[in-house]
Amino acid sequence: MKKQIIFLVALVVIVAGAVFYYFNFVNKLGFLPAGGNSPVTSQDSDKPYVGDDFTFIPPAGWIRVEMPRTLVAYQNAKEIQPKGSAAEKVHFKSYFAVSFDNANGQKLNEVADLVKQQIKNAAPGFSFVSETEGIIGGQPAEIVEGDLLSQDVNFKVMVATVLSRDKYFTISANTTAEKWPEYRDVFYNVLESFEFK
């Protein structure tokens, strides 16, 4: 139960809290601070990410940033929002992040249902648009897409839940609805590049 609470807190940060975090800190500093650390240089973002449990290829030119309660996160620091848009006013940058928790013997459908319920709890205005099952990095996965209106910005959110051995991973991506056609393939290419160890 304690681990589920920890996961719920992480999910709140990823799906809803991350938006707030970007609005309040990226706005001032240009990156996500964590204990005074700066983002990884953009040169590193053009190389595959190699973690303890998985590897993936981040989008070219995106930078790695520190985001609380995530294993790894990347943002498009060079992104420019349309002039005068609500997204420009809050200095929003599209991003994706990966977090994990122990599966505790649960099956994919159980953890995916938990993730979806917590998305709704964290962001009641979140509207699910699609849900699909598939394979990410050779592991069973469920991917949901949805819409969220926050601070006058229409966001498009994608969250993939992947079960790998005794852990499940959530890979979340967020951009504006206006930029979704541009970023959808970028986000799905990241998912296709995942390889679990």
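Draft legend 1. Region of the structure containing the sheet that holds strand β3 (residues 63-65). Overall, antiparallel pairing links the seven strands, which are arranged β3-β4-β5-β9-β8-β7-β6 in an open sheet. The strands lining the two open edges of the sheet, one partner per strand, are β3 and β6 (127-136). When strand polarity is set aside, the average angle formed by the axes of neighbouring strands in this sheet is 20°. Note: strand β5 (residues 95-102) against strand β9 (residues 167-176), eight bridges, orientation antiparallel. Among the inter-strand pairings, Phe96 is bridged to a residue of β9, identified as Ala173. The strands touched by helix α5 (residues 180-193) within the sheet are β5, β6, β7 (139-150), β8 (153-164) and β9, with β9 carrying the most contacts at an inclination of about 160°.

Draft legend 2. Geometry of the side chain of Thr176. As for its placement among the helices and strands, Thr176 is situated in strand β9. A relative accessible area of 4% means that Thr176 is categorised as buried. Among all residues touching Thr176, those that are not within four sequence positions of it are Gln81, Ala87, Phe92, Val153, Asn154, Phe155 and Lys156.

Draft legend 3. Up close: the environment of Phe54. By the secondary structure assignment, Phe54 is in strand β2 (residues 54-56). The spatial distance from the C-alpha of Phe54 to the C-alpha of Phe194 is 6.7 Å, given a sequence separation of 140 residues. For Phe54, the residues in contact, after removing those within four places along its chain, are Tyr49, Leu71, Val72, Val98, Phe169, Phe194, Glu195, Phe196 and Lys197.

Draft legend 4. Representation of the side chain of Glu142. Here Glu142 lies in strand β7. When its relative accessible area of 8% is taken as the criterion, Glu142 is described as buried. Polar side-chain contacts of Glu142 include one of 2.8 Å to the side chain of Lys116. Those residues in contact with Glu142 that sit more than four places away from it in its chain are Leu108, Ala112, Lys116, Glu131, Thr132, Glu133, Val159, Ala160 and Thr161.

Draft legend 5. A look at the packing of aromatic side chains. Applying the stated criterion across every chain, the model contains 21 aromatic pairs. Sitting over the face of the ring of Tyr188, Arg184 holds its NZ or CZ atom 4.4 Å from the ring centroid.

Draft legend 6. Representation of the pairing of strand β4 (residues 72-75). On β4, burial covers both faces: Val72 and Tyr74 on one face and Ala73 and Gln75 on the other are all buried. As paired elements, β3 and β4 share three bridges and run antiparallel to each other. Bridge pairing in β4 links Arg64 to Tyr74. Between β3 and the antiparallel strand that follows it, β4, lie six residues; Arg69 among them carries a positive phi value of about 65°.

Draft legend 7. Main features of empty space enclosed by the protein. Applying the stated criterion across every chain, the model contains one cavity of 30 Å³ or more. If you add up the space inside the largest cavity, you get close to 30 Å³. Along its surface, the largest cavity is lined by Phe96, Met158, Ile171, Ala173, Phe187, Val190 and Leu191. Those elements giving two or more residues to the lining of the largest cavity turn out to be β9 and α5. In terms of residue count, the dominant contributor to the lining of the largest cavity is α5 (three residues). Its residues assigned to classes, the lining of the largest cavity comprises seven nonpolar, no polar and no charged.

Draft legend 8. Geometry of the pattern of salt bridges. In total, this model carries six salt bridges according to the counting rule given. Measuring nitrogen to oxygen at the nearest pair gives 3.1 Å for the salt bridge that ties Lys167 to Asp53. A residue pair is termed long-range when its members are at least 10 positions apart, and Lys167 in strand β9 and Asp53 in the loop between β1 (49-50) and β2 qualify at 114 residues. Overall, the relative accessible area of 17% leaves Asp53 in the buried class. One salt-bridge network, in which partners are shared between bridges, spans Asp113, Lys116, Glu131 and Glu142.

What counts and what doesn't
- Residues numbered from 1 in each chain as written.
- Predicted model: local features only at pLDDT ≥ 70, side-chain atom pairs only at ≥ 80, totals over all residues.
- Heavy atoms only, no water.
- Pairing = 2+ DSSP bridges.
- Helix = DSSP H or I, 4+ residues; strand = E, 2+ residues; numbered from the N terminus.
- Axes fitted to C-alpha atoms, helices over the stretch in contact; angles between N-to-C directions.
- Contact = heavy atoms within 4.5 Å.
- Buried < 20%, exposed > 50% of the residue type's maximum accessible area, 1.4 Å probe, protein only.
- Polar contact = N/O pair within 3.5 Å; in protein donor to acceptor, adjacent residues only side chain to side chain.
- Phe/Tyr/Trp six-rings, centres within 6.5 Å; stacked < 30°, edge-to-face > 60°.
- Lys NZ or Arg CZ within 6 Å of the ring centre and 35° of its normal.
- 1 Å grid on protein atoms, 1.4 Å probe; cavity = no way out; pocket = protein on both sides within 12 Å on 5 of 7 lines; lining within 4 Å.
- Points joined across faces, edges and corners; volume = space filled by probe spheres on them.
- Nonpolar A, V, L, I, M, F, W, Y, C, P; charged D, E, K, R; others polar.
- Salt bridge = Lys/Arg side-chain N within 4 Å of Asp/Glu carboxyl O.

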